[in-house]
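# Analysis of the macromolecular model
So the chains spell out like this:
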Amino acid sequence: MIRHCLSLKDLTKQEIIELIEVAGNIKKRINEINYKPLDGVILGMIFEKSSTRTRLSFEAGMKKLGGDAIFLSSRDIQLGRGETIEDSAKVISRYVDIIMIRTFEHQRLIKFAEHSTVPVINALTDLLHPCQVLADLFTIKEKRGDIEHIKVAFVGDGNNMANSWIYAAALVGFELNIATPVDCAPNGRVVYDAFKINPYAKITLTDNPKEAVKDADVIYTDVWASMGEEAQKEKKHELLKSYQVNKELVSYAKDDYIFMHCLPAHREEEVEADIIDSKHSVVWDEAENRTYAQLAVIMKLIGRLNDGY
Ligand code: CP
Ligand code: NVA
């Protein structure tokens, strides 16, 4: 059976820990001349939405480890002109060894994976962004030495990032407080699933940002209007304006809290410039770590972790 990575819930806690360990190893070795564990491997990268980090981290990472990557914008391939997702999956998977896809409805990704003959990685859908949270967990491990006994506060829109954090908390067991306005709550099905995965999950949903941030080790936020939500931008900004991560809010966290953001950031909207540019912010390391976390996922899905890498 082909193994995909469409959601963090496709992984076990043990596998998440393993991927973080492998990511650390890749980070140490990526510039060694003879370290080419992805020799001959081609990644197809389908983008139906914009990207800076995801494209660069996958593409540069593949090349560094001896493989290659092909950028497929939906503006240029037949998928964007009405070729079905099923036919596209069947065809594209005949040319490459593994595929990542960034798209809109999560169902589109699932359908693609069902018809692909090679592993598929979710590089962001409207529902989930698992690669980002894997890189985030790796970053937290680097900064705090632990991913189990921490308190993460997610403040802002209950979007694809919030949903992915919910699965991560259910699987790994850390404490997660999510503060959103009631009308921007995370996906109900994800919350339901999370408690099915782990009935003892330490996940709290609130509309009170201060309550969420109290004694947090990590404060996380994301844009108020995600890609595809351009028409709702004004309404969401109105709903979310009291959820900004600012000097007052962070004063409720632990003194040595770290600030995280998947980026791109909108300074003075979801986060004050003074916070994202402060010594608490780890956003640049977080962005860099996308490369190592994703390469670890690729190695796992194509079965190269058993080769001693
Ligand atoms: N964080 C993230 O996925 O960034 P991009 O949209 O630039 O890929
Ligand atoms: N929630 C954001 C994440 C971008 C990486 C979006 O979907 O646009």
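Before reading further, recall that the structure is shown in the block above.
First things first, this report covers the structure right here in the doc. What you see as residue numbers is a count from 1 along each chain, following the sequence as written. All chains are assigned letters beginning with A, and all ligands numbers beginning with 1, in the order in which they are written. Side-chain atom pairs in this predicted model are given and counted only at pLDDT of 80 or more, local residue features only at pLDDT of at least 70, and totals for whole chains, interfaces and linings cover all residues. The side-chain numbers reported here are obtained from all heavy atoms of the structure, hydrogens and water having been left aside.

## Observations regarding the site of ligand 2
When at least one non-hydrogen atom of a residue lies within 4 Å of a molecule or strand, that residue is treated as near it. Leu124, His129, Asn159, Asn160, Asp222, Val223, Ser226, Met227 and Leu263 make up every residue found near ligand 2. Interatomic distance of 3.3 Å between a side-chain N/O atom of Asn159 and a nitrogen atom of ligand 2. When ligand 2 is considered free in solution it has 270 Å² of accessible area, and contact with the protein chains removes 95% of it. Just so you know the grouping, Ala, Val, Leu, Ile, Met, Phe, Trp, Tyr, Cys and Pro go in nonpolar, Asp, Glu, Lys and Arg go in charged, and all remaining residues, Gly too, go in polar. Tallied by class, the residues present in the shell around ligand 2 amount to four nonpolar, four polar and one charged. Any pair of nitrogen or oxygen atoms within 3.5 Å is treated as a polar contact; in protein, a donor-acceptor pairing is required on top of that, and neighbouring residues in sequence qualify only through side-chain atoms on both sides. Residue burial considers only the protein chains on display, and all accessible areas are found by Shrake-Rupley using a 1.4 Å probe.

## Comments concerning the sheet that holds strand 7 (residues 203–206)
Spatially, five strands are ordered 7-6-5-8-9 in an open sheet, and the strand pairing comes out parallel. Because the sheet does not close on itself, it has two edges, and the strands there are strand 7 and strand 9 (258–261). The average angle at which neighbouring strand axes cross in this sheet is 20 degrees, direction not considered. Here strand 6 (residues 175–179) runs beside strand 7; their pairing, made up of four bridges, is parallel. For two strands to pair, DSSP has to find at least two bridges joining them. Counting from the N terminus, the helices are DSSP H or I runs at least four residues long and the strands are E runs at least two residues long. Axes here mean lines fitted to C-alpha atoms, for a helix over just the part in contact, with angles spanning 0 to 180 degrees between N-to-C directions.

## Considering the packing of helix 5 (residues 130–144) against helix 12 (residues 283–301)
Packing of helix 5 against helix 12 leaves a shortest axis separation of 8 Å and a crossing angle of 115 degrees. In this view, helix 5 runs roughly perpendicular relative to helix 12, as classed from their interaxial angle. For helix 5 against helix 12, the interelement crossing comes out right-handed. Mapping the contact onto sequence places Cys131, Gln132, Leu134, Ala135, Asp136, Phe138, Thr139, Glu142 and Lys143 in helix 5 and Asp285, Glu286, Asn289, Arg290, Tyr292, Ala293, Gln294 and Val297 in helix 12. By residue class, the composition of the contact of helix 5 with helix 12 is seven nonpolar, four polar and six charged. Angles below 35 degrees are treated as roughly parallel, those above 145 as roughly antiparallel, those between 65 and 115 as roughly perpendicular, and all remaining angles as oblique. In this scheme, a crossing is called left-handed if the near helix is turned counterclockwise away from the far one by less than a right angle; it is called right-handed if the turn is clockwise. By the convention used here, residues are in contact when the closest approach between their heavy atoms is within 4.5 Å.

Honestly, it's all geometry; don't read function into it.
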